[in-house]
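Letter by letter, the chains look like this.
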Amino acid sequence: MHDDRTTVEERIAKFLAERLRPALHAARIALDTAPLRVGDTWGEPWSTTRFEASGRIPAEWAGRRVEAVFDLGFDLTRGPGGQAEALVLDVDGNPLQGLHPYHRSLPVTGPDVRLVVEAAANPPIVASAGRGTHHGSLDTAGAEHLYQLRQADLAVRDEDVWHLMHDVEVLSQLMHALPVQSARRHEILRALDRCVDLPFAEGRELLAPLLSRKAHESEHTLVAVGHAHIDSAWLWPIRETIRKCTRTFTNVVALAEEYPELVFACSSAQQYAWLKEHQPVVHERIRAAVKAGNWVPVGGMWVEADGNLPGGEALARQLVYGSRFFLDELGVSTDGVWLPDSFGYTAAYPQLARLAGAEWFLTQKLSWNETNRLPHHTFWWEGIDGTRIFTHFPPVDSYNAELTGAELAHAAANYAEKGVGTRSLVPFGFGDGGGGPTREMMERARRLRDLEGSPKVRIASPSEFFREARAEYPDAPVWRGELYLETHRGTYTSQARTKRGNRRSEALLRHAELWAASAAVRLGTPYPHDELDALWKRVLLHQFHDILPGSSIAWVHREAEQAYTEIHSGLDAVISASAGEGAALLNAAPCDRREVVIVSVPPPVAGQRLSDGRYAAFGRAPALGVGGFLEFNAHPVRATGKFVLDNGLITVRIDGHGLVRSVRDHATGREAIAPGAAGNLLQLHPDDPVKWSAWNLDASYRRVRRDLDTAVSVELVDDGPLVATVRVRRETERSVITQDLRLAAGSRLLEVDTDIDWQERDTILKAAWPLDVLATEVAAEIQFGHVRRPTHENTSWDAARFEQWAHRFVHVGEHGWGIALVTDSTYGYDVSTDGRATTVRLSLLRSPHSPDPQADQGRHTFRYGLRPAADLGDAITAGYTFSLPLRPASDRLRGKPLVSVDNPDVVVEAVKLADDRSGAVIVRLYESRGGRARALVSADFPVTTAFEADLLERPSQAMASRGNAVELSLRPFQIVTLRLER
């Protein structure tokens, strides 16, 4: 036979595009629209245009499916989300369905049709290209109309055309996915070629035998789960996300009425809460769909948060608030974590997920790895404490699948567990900007359920998939430690103000809960449940994986900055109401403290007035307790020589250009700075990645570097006895950087307070610390513990981690001696070694151009510090105390701490009253150093019963107690939640 395959394939494609699809709505009449008419332009950026569409269904259309069909000016080269969208309502204002480019029609009944269309002119923003977008802010978006109303019709759907269109499409896609030498491929080719010449109804009859042929028993099974990934903010503000949820969720509940087999998985309790508040009718339809089994709440989190940057307690609360909402509002106990699109995943997740009741974990993002391919798609993920959770990474490599032949073939071929596993999960539906599954996808799923040559497709819930996958593959391989994403490394640093707002919010929430609980127990003060609940939810929302990482448009990040200002004010008010104002000192850190305190009003004891008008005084406070100011009784800090600071514990030498040449520990005589090197050397690199400006940091950035090794001025500002400061001013052609290098009496920490007017473009700023230790690995703090990462690049996996993240500290050391770098708000860092010394570089600021062209421009203030002679315990302590300064308050809460622990290895992360408002005290703690630990947890109040609880504070077992104390035995990095009934 002559090979005319290519010509026939082109003929089939033309038939589908030029004959079938245009014939779908052959009979149509125009709807009357007002005030917007077909042909009119509409939509200033971010505006909403409402118009009515009305008409009468002709009598001769009776008994046929009639649809209202719209074209708002859709761009069919782009998916839903970053372009025109609409919500169709009835005349009473009830939402009926959303409109997007691939979901443009809705069934209507008559004879009279009256609809209201609420059209959103969301700008067509492309995040991965260009030099940023002027559409990202109302201030710069302009007023030009973006779209044109092209169609508003009543039309009859031709059922023969509808079904033949999907028959041809499914078979054609399958044909292209099969090997050229496959007999099945050529059988389909010839049948489709004949179909082109037949009337539509006869064409269906011809193709029916091909569609009825069953798949081989050994074919891969794809469990298809309806999905609509809706970023809670990204290329649109939070305001628009609420409306996106309404459009998409309305689509889904309407689709389930047409296709009762649909199972739709939807995460993010926040989005349900928005619908409950703003669209209660839609919320009730969702509740009904949940009961019917069409809708499955998944994930158990408040939002799909970033997987690395939220603090430990915040990550726990993501799971608590999400799981509790689904249980209370929808009667559903979620059993897994659904995080397809976060930018890497902390090794603390397995334990936290299991403590919240999760049995499985799903992600898709690791398919974006640039260097290495994760060797598994189904595996057990083991966290730092040894907890394992059954995990799946769908081989379809998309969380926005459309159930095309190419996607299904890729999933089956890509699946890493062939021979031991037979199934994978495929999330299908338009996403990122919402949209969800469509009728077309559902029609494909029906035809692909059991079709020769194709993987089997079965629509089911994620829980059903995970039960079956675990049953057939219980001895799946184990992946231990973090799931590092080999791309998007710039998100550890982008939009620094957003990150500082989050970190301060987390610290203030710790303060607020601790002191509110103390006031409630000690003084009977009402615990501010409602206020804390509302504030927590705002913080959790802004930990979404395109807000906290700094990858959203300008509008989102400016709103985030305003939100953090309000959150901080609200938390300060809670703390003041609980602890009052005065001359006592609140210590929210989990360790006793004796240190210099800097305050804005004169202290009650002799203190030192600083050049900025504040005061330094000596203070002392127990762990999680209240202390006060002390008369100065530590070795004073003195400036000797021009820029030499000495407090009897360490000596710091700073040269005439403001570089740290020496930090010597008196007790051991060890030097922290590598020979001939300079610490706190600020370095600039060009930072213009090939794509995804706000997200990516390409390895090539390291090739070009500019050292800021000269200073405009260096001066000694304060000369003891409590605080000595060297102020350094540096300038580039655009930016001004002022740093105070400060040493306090009684402290081994060299603190660097930084104030920058940052005006660089496509540049990253690093602070380099060449350290006189030879470390083969670093310990970096993560949530509820730390991980150890190599300083070398022995393997491609090591080399790909050229930028990493940590929370409050990074520790490097040799046997018996080490150094910690601590930060109050930065996350990114890199580390290298030359065989003699180890250099840690903190990533301080970036200036990406897209999607926010003004990202990080302007003023920034932040702090970091060097702590020599630090073992791991010292690093942990320094991290907490640096982020939780002693806070002035009244002495109304003075006395023993509400809760105390007798082992410094066991760290208290939260003290609060129970969410059920019973008055029980909740204490969350963990083993912090990576070893076994025993500890006595003592309460300074009568305890009737002590329980160990899950993250949702549900008691699991009563614990043996000694009076008001509980004895614990913890494994490495184990998290324990205690519920102490009063």
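Remember, it's a predicted structure, so these values are computed and weren't measured experimentally.

Enquirer: Report on the overall build of the chain, specifying residues and quantitative values.
Expert: Per the secondary structure count, the chain includes 17 helices and 55 strands. Taking 30 Å as the expected radius of gyration for a compact globule of 982 residues, we find that the chain reaches 31 Å, a close match to that expectation. Each principal axis of the C-alpha atoms in the chain carries an extent, and together these give about 100 × 65 × 60 Å. Evaluated residue by residue, the chain yields a buried proportion of 64% over its 982 residues. In the chain, of all internal contacts separated by at least 6 residues, the share reaching a separation of at least 24 is 75%. For the chain, the exposed surface amounts to about 34,600 Å²; the carbon and sulfur share of it is 49%.

Enquirer: Can you lay out empty space enclosed by the protein for me, pointing to particular residues and giving the numbers?
Expert: This model, assessed by the stated rule, comprises 10 cavities of 30 Å³ or more. The space that makes up the largest cavity amounts to roughly 300 Å³. Lining the largest cavity are 24 residues, and of these Gly311, Glu506, Ala507, Arg808 and Glu909 sit closest to its centre. At the level of elements, α8 (312-330), α13 (496-523), β38 (777-782), α17 (872-883) and β48 (906-913) are the ones that each hand at least two residues to the lining of the largest cavity. Counting residues per element, the lining of the largest cavity draws most heavily on α13, at six residues. Per-class residue counts for the lining of the largest cavity are 10 nonpolar, six polar and eight charged.

Enquirer: I'd like a rundown of the packing of aromatic side chains, residues and numbers included.
Expert: With the rule as written, the count across this model stands at 28 aromatic pairs. Centre to centre, the rings of Phe249 and Tyr272 are 6.3 Å apart; their planes meet at 40°, and the pair counts as tilted. Of this pair, Phe249 sits in helix α5 (residues 238-258) while Tyr272 sits in helix α6 (residues 269-278); the two residues are 23 residues apart in sequence, bridging distant segments of the chain. Judged by its relative accessible area of 0%, Phe249 falls in the buried class. Relative to Trp295, the ring of Phe264 lies with its centre 4.8 Å away and its plane at 65°, an arrangement referred to as edge-to-face. In this pair, Phe264 sits in strand β13 (residues 264-266) while Trp295 sits in strand β14 (residues 295-297), placing the two residues 31 residues apart along the sequence. Looking at Phe264, the relative accessible area reads 0%, which means it is buried. Through a chain of ring-to-ring contacts, three or more aromatic side chains come together here, namely Phe249, Phe264, Tyr272, Trp295, Trp302, Tyr321, Phe325 and Phe326. A cation over a ring is seen here: Lys244 above Trp236, with NZ or CZ 4.2 Å from the ring centre.

Enquirer: Report on the pairing of strand β36 (residues 750-758), specifying residues and quantitative values.
Expert: Burial runs high along β36: seven of the nine residues are buried. With seven bridges joining them, strand β35 (residues 736-744) and β36 adopt antiparallel strand pairing. When the sheet's bridge partners are listed, Arg742 is paired in β36 with Glu751. Taking the residues between adjacent antiparallel strands as the criterion, β35 and β36 are bridged by five residues, where Gly746 takes a positive phi near 75°.

Enquirer: An account of the environment of Arg742 is needed here, citing residue identities and associated values.
Expert: Its place among the elements puts Arg742 in strand β35. Sequence spacing of Arg742 and Thr7 is 735 residues, and the spatial spacing of their C-alpha atoms is 76 Å. Discounting residues that sit within four places of it in the chain, Arg742 has contacts with Ile598, Arg614, Val723, Ala724, Thr725, Leu749, Leu750, Glu751 and Asp753. Within the structure, Arg742 has its side chain in polar contact with the side chain of Thr725 (distance 3.5 Å).

Enquirer: Help me get a handle on the nonpolar core, residues and values and all.
Expert: Among the nonpolar cores identified, the biggest contains 222 residues, and Val168, Trp295, Leu925 and Leu980 are the most heavily contacted of them. The greatest single-element share of this core, amounting to 11 residues, is contributed by α13. Once residues lying within four places of it in the same chain are set aside, the contact partners of Leu925 are Val901, Val906, Val907, Val908, Glu909, Val937, Leu968, Leu970, Gln974, Ile975, Val976 and Leu978. Counting residues in hydrophobic clusters, the runner-up holds 49 residues, among them Leu682, Trp769, Val773 and Ala775.

Enquirer: How would you explain the environment of Leu115 if you had to name every residue and give the values?
Expert: For Leu115, the position within the fold is in strand β9 (residues 112-120). In this structure, the C-alpha to C-alpha distance between Leu115 and Glu219, residues 104 residues apart in sequence, is 46 Å. Contacts of Leu115, omitting those with residues within four sequence positions, involve Phe51, Glu52, Ala53, Ala68, Phe70, Val88, Leu89, Leu96 and Val108.

Enquirer: Kindly report on the layout of surface pockets, identifying the contributing residues and their values.
Expert: Left-over empty space is what a probe sized like a water molecule reveals as it rolls over the atoms. Its volume calculated, the second largest pocket comes out at about 720 Å³. As for the second largest pocket, its lining consists of 27 residues, of which Arg21, Leu24, Pro101, Arg104 and Glu440 are closest to the centre. For the lining of the second largest pocket, the leading source of residues is helix α2 (residues 159-177), giving five residues.

Enquirer: Before we move on, could you go through the pattern of salt bridges and cite the residues and values that matter?
Expert: Under the criterion given, the structure shown has 92 salt bridges. Linking Glu9 and Arg5 is a salt bridge whose minimum nitrogen-to-oxygen distance equals 3.7 Å. Of the two residues, Glu9 and Arg5 both sit in helix α1 (residues 5-20), four residues apart, roughly one turn of that helix. Residue classification places Glu9 among the buried residues on the basis of a relative accessible area of 11%. Judged by relative accessible area, which is 18%, Arg5 ranks as buried. Here Lys912 makes a salt bridge to Asp915, at a shortest N to O gap of 2.8 Å. A relative accessible area of 2% means that Lys912 is categorised as buried. Counted as one network, the salt bridges with shared partners bring together Arg50, Glu85, Glu118, Arg239, Glu240, Arg243, Lys244 and Arg247.

Enquirer: Could you give me a rundown of the sheet that holds strand β53 (residues 961-962), with the residues and numbers involved?
Expert: Judged by pairing direction, the sheet is antiparallel, and its four strands sit side by side in the order β47-β50-β54-β53 without closing on themselves. Edge positions in the sheet fall to β47 (899-901) and β53, since each has one partner strand and no second. Relative to strand β54 (residues 965-970), β53 runs antiparallel, the two sharing two bridges. What sits directly across from Arg962, in β54, is Ala965.

Enquirer: I'd love a proper account of the side chain of His557, names of residues and values included.
Expert: Counting through the fold element by element, His557 comes out in helix α15 (residues 554-579). Excluding its chain neighbours within four sequence positions, the residues that come into contact with His557 are Gln495, Thr498, Asp546, Ile547, Gly550, Ser551 and Ser552.

Enquirer: Could you give an account of α8, with specific residues and numbers?
Expert: Here α8 contains 19 residues, and its C-alpha end-to-end distance of 27 Å stays within 8% of the 27 Å for a straight helix at 1.5 Å per residue. α8 sits mainly inside the fold: 17 of its 19 residues count as buried. A positive phi of about 70° marks Gly331, the residue just after α8.

The rules behind these values
- Residues numbered from 1 in each chain as written.
- Predicted model: local features only at pLDDT ≥ 70, side-chain atom pairs only at ≥ 80, totals over all residues.
- Heavy atoms only, no water.
- Helix = DSSP H or I, 4+ residues; strand = E, 2+ residues; numbered from the N terminus.
- Rg over C-alpha atoms; globule rule 2.2 N^0.38 Å.
- Buried < 20%, exposed > 50% of the residue type's maximum accessible area, 1.4 Å probe, protein only.
- Contact = heavy atoms within 4.5 Å.
- Areas by Shrake-Rupley, 256 points an atom, 1.4 Å probe, with all protein chains shown as cover.
- 1 Å grid on protein atoms, 1.4 Å probe; cavity = no way out; pocket = protein on both sides within 12 Å on 5 of 7 lines; lining within 4 Å.
- Points joined across faces, edges and corners; volume = space filled by probe spheres on them.
- Nonpolar A, V, L, I, M, F, W, Y, C, P; charged D, E, K, R; others polar.
- Phe/Tyr/Trp six-rings, centres within 6.5 Å; stacked < 30°, edge-to-face > 60°.
- Lys NZ or Arg CZ within 6 Å of the ring centre and 35° of its normal.
- Pairing = 2+ DSSP bridges.
- Polar contact = N/O pair within 3.5 Å; in protein donor to acceptor, adjacent residues only side chain to side chain.
- Core = buried A, V, L, I, M, F, W, Y, C linked by side-chain atoms within 4.5 Å.
- Salt bridge = Lys/Arg side-chain N within 4 Å of Asp/Glu carboxyl O.
- Expected span 1.5 Å × (residues − 1).

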